[in-house]
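Residue strings, one per chain:
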Amino acid sequence: MPYLDNNATTQPLPEVVDGVRRALEEHWHNPSSVHRPGQAARHAVELARASLAGLIGVPARQVTLTSGGTESIDLAIRGVLGASGKQVLITSRAEHAAVRNLAERLEQAGQTEVRWIPLLEGGVVDAAALPGLLEGAALVSVQWANNETGVIQPVEAIAAACRERGVPYHCDAVQWVGKMPVESPPCDLLTFSAHKFHGPKGVGGLWVRPGVRLRPVLAGSQELGRRGGTENVPGILGAGVAAEAARAWLANAGERARLAALRDRFESAVLERCPGAVVNGAGRDRLWNTTNIGFPRLEAEALLLAMSERGLAASAGSACSSGSLDPSPVLLAMGVPPEIAHGSVRFSLSRFTTDDEINEAIEIVATCVDRVGGSMVR
Ligand code: PLP
């Protein structure tokens, strides 16, 4: 059964499942307790933090552990705005809903001015427009790679512009970390999430460069006062195991090239078998694992259901918006025409995707596009 929905979530590795189970059995004590088993749990959490920090090339003490990408983003944005006298946030309409919706809410609440960076073709932010927006800004938040298209943002140029004007730069790297190496973050705050690299759900982190002021969102004494709440010890230990496995895998760049070729083969075969289909974000730098294909005049939901009946898992837009018939706001914002956005499906590979899965997926997509296309009256 081909699973091509890895940007929504990845399957936890067997050693991650094992790590979570062992943590539940052996380290169920509170890591803030002073007794010996509590301190053993603390030690295990700190080892996992070091593994996660190693994946993004930063010292462990600079990483705050959270309940995942959404919470890390919330802490970065609210935390920096809360600690700053300035109330201007700069972001883009291509961001994941965790950023976009938060920005819109802050804007609607009336205390924050949100400046939207213009998007170029393919949904790449116009880094050249950024310096003109930075005056009086508290924070810039631009993702590293897009969850729907895999399009990679010019993070180095964004970071350079921010550095020059002394504005902190938060990067939502949820789709990047674990798939691509990070020698040292180009930004000042970086968000990651373990379930995108074969770890458990509900665990992630926020790296904050020393000197960046952040006001905690969740009150409490844990995580050096940055994030209250008893640590999710089993999840954190599982995430640490996933981080070590990802680091080992990332050491071999050839593997990424092999999988990019597999994605390209899938893409070419689908375009060939489905006349009129287009790749959203084509021609831009993209993550090796993602392709977003628009099938004109088809409804993505009908296609997803037909594919699912045949055992192929994919997504339309972000997973969070499935079930709604609205086309993805990110695709619309990047200039994809509505008739293509309506019929756009995201296929995302993992490092374990096989040739056989891709062969089977090509057949299923071609059959379903044919079948759903024949029954559509739009
Ligand atoms: N940011 C991006 C780019 C994502 O793809 C996701 C999840 O799909 C998130 C943030 C949210 O992460 P989490 O599911 O860990 O809350």
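Analysis parameters
- Residues numbered from 1 in each chain as written.
- Predicted model: local features only at pLDDT ≥ 70, side-chain atom pairs only at ≥ 80, totals over all residues.
- Heavy atoms only, no water.
- Helix = DSSP H or I, 4+ residues; strand = E, 2+ residues; numbered from the N terminus.
- Rg over C-alpha atoms; globule rule 2.2 N^0.38 Å.
- Buried < 20%, exposed > 50% of the residue type's maximum accessible area, 1.4 Å probe, protein only.
- Contact = heavy atoms within 4.5 Å.
- Areas by Shrake-Rupley, 256 points an atom, 1.4 Å probe, with all protein chains shown as cover.
- Lys, Arg positive; Asp, Glu negative; His and termini not counted.
- Charge placed at Lys NZ, Arg CZ, Asp CG, Glu CD.
- Axes fitted to C-alpha atoms, helices over the stretch in contact; angles between N-to-C directions.
- Left-handed = near helix turned anticlockwise from the far one by under 90°.
- Nonpolar A, V, L, I, M, F, W, Y, C, P; charged D, E, K, R; others polar.
- Pairing = 2+ DSSP bridges.
- Domains from an automatic or database assignment.
- Buried area = accessible area lost by both parts, 1.4 Å probe.
- Salt bridge = Lys/Arg side-chain N within 4 Å of Asp/Glu carboxyl O.
- Polar contact = N/O pair within 3.5 Å; in protein donor to acceptor, adjacent residues only side chain to side chain.
- 1 Å grid on protein atoms, 1.4 Å probe; cavity = no way out; pocket = protein on both sides within 12 Å on 5 of 7 lines; lining within 4 Å.
- Points joined across faces, edges and corners; volume = space filled by probe spheres on them.
- Core = buried A, V, L, I, M, F, W, Y, C linked by side-chain atoms within 4.5 Å.
- Parallel < 35°, antiparallel > 145°, perpendicular 65-115°, else oblique.

A.B. asks: Explain the overall build of the protein chain residue by residue, including any values.
C.D. replies: Across its full length, the protein chain carries eleven helices and ten strands. Taken over the C-alpha trace, the protein chain has a radius of gyration of 21 Å; the compact-globule value for 378 residues is 21 Å, and the two agree within 12%. Scored against the burial criterion, the 378 residues of the protein chain give a buried share of 59%. In the protein chain, 73% of the contacts between residues at least 6 apart in sequence involve partners at least 24 apart. For the protein chain, the computed accessible surface area is about 15500 Å², with 53% contributed by carbon and sulfur atoms. With 36 positive and 40 negative side-chain charges, the protein chain shows a separation of 5 Å between the mean positions of the two kinds.

A.B. asks: Help me get a handle on the packing of helix H2 (residues 36-55) against helix H6 (residues 233-250), residues and values and all.
C.D. replies: Where H2 meets H6, the axes come as close as 8 Å, and the angle between the chain directions of the two elements is 35 degrees. Both H2 and H6 take part in a crossing whose hand is left-handed. Within the contact between the two elements, H2 uses Ala44, Val45, Ala48, Ala50, Ser51, Leu52, Gly54 and Leu55 and H6 uses Val233, Ile236, Leu237, Ala239, Gly240, Ala243, Glu244, Ala246, Arg247 and Leu250. The residue makeup of the contact of H2 with H6, split by class, is 13 nonpolar, three polar and two charged.

A.B. asks: Please set out the pairing of strand S2 (residues 88-91) residue by residue, giving values where relevant.
C.D. replies: Covered by surrounding structure in S2 are Val88 and Ile90 together with Leu89 and Thr91, the residues of both alternating faces. Where S2 and strand S3 (residues 113-116) come together, four bridges link them in parallel fashion. Directly across from Thr91, in S3, lies its bridge partner Trp116. Relative to strand S4 (residues 139-141), S2 runs parallel, the two being bridged by two bridges.

A.B. asks: Could you give me a rundown of the domain arrangement of the protein chain, with the residues and numbers involved?
C.D. replies: Here the protein chain is described as being made up of domain 1 (14-249) and domain 2 (253-373). Taken together, the contact between domain 1 and domain 2 spans 29 residues of the former and 26 residues of the latter. Carbon and sulfur atoms make up 63% of the surface buried where domain 1 meets domain 2, a total of about 2300 Å² over both sides. Our count for the contact surface shared by domain 1 and domain 2 stands at zero salt bridges. At the boundary of domain 1 with domain 2, the tally comes to seven residue pairs in polar contact (both at pLDDT 80 or more). Ranked by residues supplied to the side of domain 1 that touches domain 2, first place goes to H6 with three residues. When the residues that make up the side of domain 1 that touches domain 2 are grouped by side-chain class, the tally is 14 nonpolar, nine polar and six charged.

A.B. asks: Please provide a residue-by-residue account of helix H8 (residues 300-309), values included.
C.D. replies: When we look at burial in H8, the residues that qualify are Ala300, Glu301, Leu303, Leu304, Ala306 and Met307. Phi for Gly311, located one or two positions after H8, is positive at around 95 degrees.

A.B. asks: Explain empty space enclosed by the protein to me, and be specific about the residues and the numbers.
C.D. replies: Inspection of every chain in the model, using the stated rule, returns one cavity of 30 Å³ or more. In this structure, the largest cavity spans a volume of roughly 70 Å³. Of the residues that constitute the lining of the largest cavity, the class distribution is four nonpolar, six polar and three charged. Here the lining of the largest cavity spans two domains, since at least three of its residues come from each of domain 1 (14-249) and domain 2 (253-373).

A.B. asks: Summarise unusual backbone geometry; cite the residues concerned and give the values.
C.D. replies: In this model, His198 sits at a positive phi of 70 degrees, which is unusual for a non-glycine residue. With respect to the element layout, His198 can be found in the loop between strand S6 (189-193) and strand S7 (204-208). Backbone geometry at Glu223 places phi at a positive 50 degrees, although glycine is not the residue there. Its place among the elements puts Glu223 in the loop between S7 and H6.

A.B. asks: Describe the sheet that holds strand S8 (residues 278-279), naming the residues involved and giving the relevant values.
C.D. replies: Read across the open sheet, the three strands follow the order S8-S9-S10; overall the sheet is antiparallel. Two strands bound the open sheet, and with one partner strand each, they are S8 and strand S10 (344-348). The pairing of strand S9 (residues 290-294) with S10 spans five bridges and is classified as antiparallel. Pairing of Thr290 across the sheet is with Ser348, part of S10. The strands touched by helix H7 (residues 253-273) are S8, S9 and S10; relative to S9, the strand with the most contacts, the crossing angle is about 10 degrees.

A.B. asks: Lay out the nonpolar core with the relevant residues and their values.
C.D. replies: Counting residues in hydrophobic clusters, the biggest one holds 91 residues, and the most contacted among them are Val140, Tyr169, Phe266, Phe295, Met307, Phe347 and Val365. Sorting elements by how many residues they give to this core places H6 first, with ten residues. Residue-level mapping places this core at the junction of two domains, with at least three residues from each of domain 1 (14-249) and domain 2 (253-373). Each residue touching Val140, except ones within four places of it in the same chain, is listed here: Ile90, Leu130, Leu134, Ile158, Cys162, Val167, Pro168, Tyr169 and His170. Listed in part, the 21 residues of the second largest apolar core include Ala76, Ala98, Leu106 and Val208.

A.B. asks: Account for the packing of helix H1 (residues 14-26) against H6, naming residues and giving values.
C.D. replies: In a packed pair of helices, the relevant descriptors are the angle between the two axes and the axis-to-axis distance. For the pair H1 and H6, the least separation of the axes is 8 Å and the interaxial angle reads 150 degrees. Classed by the angle they form, the pair H1 and H6 counts as roughly antiparallel. For the pair H1 and H6, the crossing hand works out as right-handed. On the side of H1, the interface is formed by Glu15, Val16, Val20, Ala23 and Leu24, while H6 contributes Pro234, Leu237, Gly238, Val241, Ala242 and Ala245. In the contact of H1 with H6, the residues fall into nine nonpolar, one polar and one charged.

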